[in-house]
Amino acid sequence: MASSPTDSITGTEYLIDARHCLEPLANAAPPTSEISKRAGVAEGTLFTYFKTKDDLINALYREIKLELADAMMSDFPRKMNVRARLRHVWDRYVKWGIANPKQRKVLAQLHVSEVLTNESRDAGSAPFVEFQIMIRHAIEQRIFRNDLPVELISKSLAALVEATIDLTVSNPSKANKYRDSGFQMFWAGVTK
């Protein structure tokens with residue numbers, strides 16, 4: 001991303017504006033004119049930072065995935081047992097989802113987008129490698145069922161976390177019950 005000292009907006013600010021533009025839309029990305037309008041700059045300025053709208057969308061995906069990874073993997077308890085490490089990831093994911101509803105919605109839309117490149121998907125997965133390795137080791141150590149593919153375990157976790165977040169948002173007084181019960185369901189489904 002190139003910039004000039006006279007630019008009043010940064011590439012990151014464009015990503016923030018793109019996030020807010022994408023949030024209310026189903027699967028269509030907003031026109032660059034709308035993003036630029038919300039940012040308060042000329043439309044052509046956007047292309048100082050991103051060659052195309054698809055580049056902007058891919059950058060937005062990578063940024064949100066990094067935010068999620070930071071929330072989930074910071075202070076990861078590497079020395080703890082698998083259950084404690086998994087619970088750490090679970091709790092952090094739920095907390096991030098509740099605290100960041102717009103990012104969560106945009107990320108869900110981008111996950112099914114045909115605009116995302118393989119490079120962006122790989123970059124979005126990279127911060128979670130340690131988590132994937134933990135799952136593989138748990139399978140090898142026969143803590144987790146060995147008939148379940150790693151990717152199915154990961155997707156199942158994400159699906160149950162999303163359900164937990166949805167229920168918690170709709171009924172906050174039961175937040176602890178949903179968080180604990182959701183984790184118990186996941187743990188029971190992947191362990192021997």
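Residues numbered from 1 in each chain as written. Predicted model: local features only at pLDDT ≥ 70, side-chain atom pairs only at ≥ 80, totals over all residues. Heavy atoms only, no water.

**Remarks on the pattern of salt bridges**
Heads up, the condition is: Salt bridge, as used here, is a side-chain nitrogen of Lys or Arg placed within 4 Å of a carboxyl oxygen of Asp or Glu. Here the term buried applies to any residue with accessible area under 20% of the maximum for its type, exposed to any over 50%, and partly exposed to those in between, with areas from a 1.4 Å probe on protein chains only.
Per the counting criterion, the structure on display carries 9 salt bridges. Here Asp-180 and Arg-179 are joined by a salt bridge, their closest N and O atoms 4.0 Å apart. Judged by its relative accessible area of 24%, Arg-179 is partly exposed. Ionic contacts of the salt-bridge type, sharing partners, join the residues Arg-87, Asp-91, Arg-179 and Asp-180 into one network.

**Describing unusual backbone geometry**
Put simply, the test is: Helix numbering and strand numbering both begin at the N terminus, where a helix is a DSSP run of H or I of at least 4 residues and a strand a DSSP run of E of at least 2.
At Asp-75, a residue that is not glycine, the phi angle is positive and equals roughly 60°. Residue position: Asp-75 is located in the loop between helix H4 (53–73) and helix H5 (82–99). Non-glycine residue Arg-142 carries a positive phi angle of around 60°. In this fold, Arg-142 is placed in the loop between helix H8 (129–140) and helix H9 (150–170).

**Considering the confidence of the model for the protein**
Operational definition: pLDDT gives the predictor's per-residue confidence on a scale running from 0 to 100. Contacts are assigned to residue pairs that have any heavy atoms within 4.5 Å of one another.
In this model, the protein carries a mean pLDDT of 84, and residues with pLDDT of at least 70 account for 80%. No element of the protein has a lower mean pLDDT than helix H1 (residues 11–22), at 57, and none a higher one than helix H10 (residues 175–190), at 98. Segment residues 1–9 is flagged for pLDDT under 50; beyond a separation of four residues in sequence, or across chains, it makes 18 contacts in the model.

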